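Okay, here's what each chain looks like letter by letter:
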Amino acid sequence: MARERVLIVGSSTVFPFATAVAEQFGKTTTFPTPQIEATGSGGGIKLFCRGVGVGDPDIATASRRMTPGEIARCEANGVRKIAEVRIGYDGIVIANAKDAEQLQLSPADIWLALARNVPAADGDETLISNPHATWQDVNPELPDLPIEVLGPPPTSGTRDVFVETAMEAGCRSVDWIAALQRTDPDEYRAVCHAMREDGAYISTGENDNLIVQKLQANPDAVGIFGFSFLDQNRDKLQGAAIKGVEPTFEHIDNGTYPLSRPLYCYVKGEHVGMIPGIAEYLDALTRESAWGDTGYLADKGLIPLSAQARRQWQNGTPACGEGREPCTIADRPACCVITPTSGQP
């Protein structure tokens, strides 16, 4: 190993938080400021799982959990010591320009606006290519404005979670499609998750700041991105209410906002002790002054874990969930991922 700087890749949503910690880390320690790249959650995990060595990342950030397929790919490439740390929460927002009409949406509205295929008519079990051109076509109570949605690409964790929360919840509002989840899971997923490709949904890459700029230039358009970007641009943008609940810090923290999700940091155990600064960066990320209720990451838009959850991460008893077990990495509590062949973390 011959690299002196920690290399972090991954989620564009986590990027501002990881960057804030890196800048503080570079100022307050003897280690170089880590290099951070916003590749999207899927792209970052792919790079993370590529192998062990100076050319491969040390840490991947993600706005969703690593999947079993990704874990298997990691293991096949020699990456077998994977530690997962939940760092906080974020909400996915649908937002438009401050001077435009605020949208009041339901998951059904979202799915009918953005799905590739929708029912031909109420009660008709036939799907057709999405014909809806305006929000009013979707719901007579919505504005008569063209459906023009700027959002993340398929590699983004934001898009993954948006599809699994907003789109799938809307899809399930149609009874016969909801029934497919039991009778034909593959067809159910295809119907509920496929986004339209006729220009109504525009993939804008991993640069959420670009979406903010485009929304200012076009008040008729709406964008999909992480809550932190809305929070940092409240003077320019407003978030749509989902099922009557607006995207606010409080509503995400108490779980009432429907489109919220945990954020993760994955550490490559094989690199700890080989690349200098990994343990220290992880320590800096999980200090109360960073991820706590009054930490500087809250000022950036991170929704902190509860005080009880943070204490569990600090004393070594985090709730890890299926496929993970409590462990330590770099002398810090974490959830080690159980690899598919060994069955052990």
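Described below are features of the structure shown in this document. (Residues numbered from 1 in each chain as written. Predicted model: local features only at pLDDT ≥ 70, side-chain atom pairs only at ≥ 80, totals over all residues. Heavy atoms only, no water.)

## Description of the overall build of the protein chain
- Counting secondary structure elements, the protein chain contains 15 helices and 15 strands.
- Against the globule reference of 20 Å for 345 residues, the protein chain gives a C-alpha radius of gyration of 21 Å, in line with a compact fold.
- The buried share of the protein chain, taken over its 345 residues, is 53%.
- A fraction of 69% describes how many contacts in the protein chain between residues 6 or more apart in sequence connect residues 24 or more apart.
- When the accessible surface of the protein chain is totalled, it reaches about 14600 Å², and 48% of it is carbon and sulfur.
- Of the charged side chains in the protein chain, 30 are positive and 45 negative, and the gap between their average positions amounts to 7 Å. (Helix = DSSP H or I, 4+ residues; strand = E, 2+ residues; numbered from the N terminus. Rg over C-alpha atoms; globule rule 2.2 N^0.38 Å. Buried < 20%, exposed > 50% of the residue type's maximum accessible area, 1.4 Å probe, protein only. Contact = heavy atoms within 4.5 Å. Areas by Shrake-Rupley, 256 points an atom, 1.4 Å probe, with all protein chains shown as cover. Lys, Arg positive; Asp, Glu negative; His and termini not counted. Charge placed at Lys NZ, Arg CZ, Asp CG, Glu CD.)

## Things to note about the packing of helix H7 (residues 175-183) against helix H8 (residues 185-193)
- At a minimum axis separation of 6 Å, H7 and H8 run at an interaxial angle of 140 degrees. Put simply, H7 runs oblique to H8. For the pair H7 and H8, the crossing hand works out as left-handed. Judged by residue contacts, Ile177, Ala178, Leu180, Gln181, Arg182 and Thr183 of H7 engage Pro185, Glu187, Tyr188, Val191 and Cys192 from H8.
- Broken down by class, the residue content of the contact of H7 with H8 amounts to 7 nonpolar, 2 polar and 2 charged. (Axes fitted to C-alpha atoms, helices over the stretch in contact; angles between N-to-C directions. Parallel < 35°, antiparallel > 145°, perpendicular 65-115°, else oblique. Left-handed = near helix turned anticlockwise from the far one by under 90°. Nonpolar A, V, L, I, M, F, W, Y, C, P; charged D, E, K, R; others polar.)

## Remarks on H7
- Listed as buried for H7 are Ile177, Ala178 and Leu180. Down the axis of H7, the smallest arc covering the buried residues is 140 degrees, so these residues share one side. Opposite the buried face of H7, at more than 90 degrees from it, the exposed residues are Asp175, Arg182 and Thr183.
- Packing partners of the buried residues in H7 comprise helix H4 (107-114), strand S6 (117-119), strand S7 (127-129), helix H6 (157-171) and H8. (Arc of directions from axis to C-beta.)

## A few points about the layout of surface pockets
- Approximately 290 Å³ is the volume found for the largest pocket.
- Along the wall of the largest pocket there are 18 residues; nearest its centre are Leu112, Pro119, Ala121, Asp122 and Val174.
- Among the elements of the structure, H4, S6, helix H5 (135-138) and H7 are those that each provide at least two residues to the lining of the largest pocket.
- If you tally residues by element for the lining of the largest pocket, the top one is H4, at 3 residues.
- A class-by-class count of the residues in the lining of the largest pocket yields 10 nonpolar, 4 polar and 4 charged. (1 Å grid on protein atoms, 1.4 Å probe; cavity = no way out; pocket = protein on both sides within 12 Å on 5 of 7 lines; lining within 4 Å. Points joined across faces, edges and corners; volume = space filled by probe spheres on them.)

## Considerations on the side chain of Ser63
- Position of Ser63 among the secondary structure elements: in the loop between strand S3 (59-62) and helix H3 (68-76).
- Here the side chain of Ser63 touches Thr158 through a polar contact of 3.3 Å, landing on its backbone nitrogen.
- Only 3.3 Å separates the side chain of Ser63 from the side chain of Arg261, close enough to count as a polar contact.
- When neighbours within four sequence positions are excluded, Ser63 is seen to be in contact with Ser11, Ser41, Gly157, Thr158, Val161, Arg261, Pro262 and Leu263. (Polar contact = N/O pair within 3.5 Å; in protein donor to acceptor, adjacent residues only side chain to side chain.)

## Brief notes about the pattern of salt bridges
- Per the counting criterion, the structure on display carries 16 salt bridges.
- Asp160 is the partner of Arg64 in a salt bridge, and the nearest nitrogen-oxygen pair spans 2.7 Å. With Arg64 in the loop between S3 and H3 and Asp160 in helix H6, the pair connects residues that are 96 residues apart, well separated along the chain.
- A residue is classified by how much of its surface remains accessible, and Arg64, at 13% relative accessible area, is buried.
- In this structure, a network of salt bridges that share partners links the residues Arg64, Glu70 and Asp160. (Salt bridge = Lys/Arg side-chain N within 4 Å of Asp/Glu carboxyl O.)

## Structural notes on empty space enclosed by the protein
- Throughout the structure, instances matching the rule amount to 5 cavities of 30 Å³ or more.
- Counted as a void, the largest cavity has a volume near 60 Å³.
- When its residues are assigned to classes, the lining of the largest cavity shows 7 nonpolar, 1 polar and 2 charged.

## Concerning the pairing of strand S15 (residues 332-337)
- Extensive coverage of S15 is indicated by the burial of 6 of its 6 residues.
- With 2 bridges connecting them, strand S4 (residues 82-97) and S15 associate as antiparallel partners. By the bridge assignment for S15, Glu84 is matched with Cys335.
- By the bridge criterion, 6 bridges tie strand S14 (residues 324-329) to S15 in an arrangement that is antiparallel. Within S15, the residue paired with Thr328 across the bridge is Pro333.
- The hairpin turn running from S14 into S15, its antiparallel successor, is 2 residues long, and Ala330 in that turn takes a positive phi close to 55 degrees. (Pairing = 2+ DSSP bridges.)

## Some thoughts on the pairing of strand S2 (residues 35-38)
- Alignment of strand S1 (residues 7-10) against S2, held across 4 bridges, turns out to be parallel. By the bridge assignment for S2, Val9 is matched with Glu37.
- The β-α-β motif built from S1, the intervening helix H1 (residues 15-28) and the parallel element S2 has right-handed crossover chirality. (Right-handed = clockwise from strand over helix to strand, strands pointing away.)

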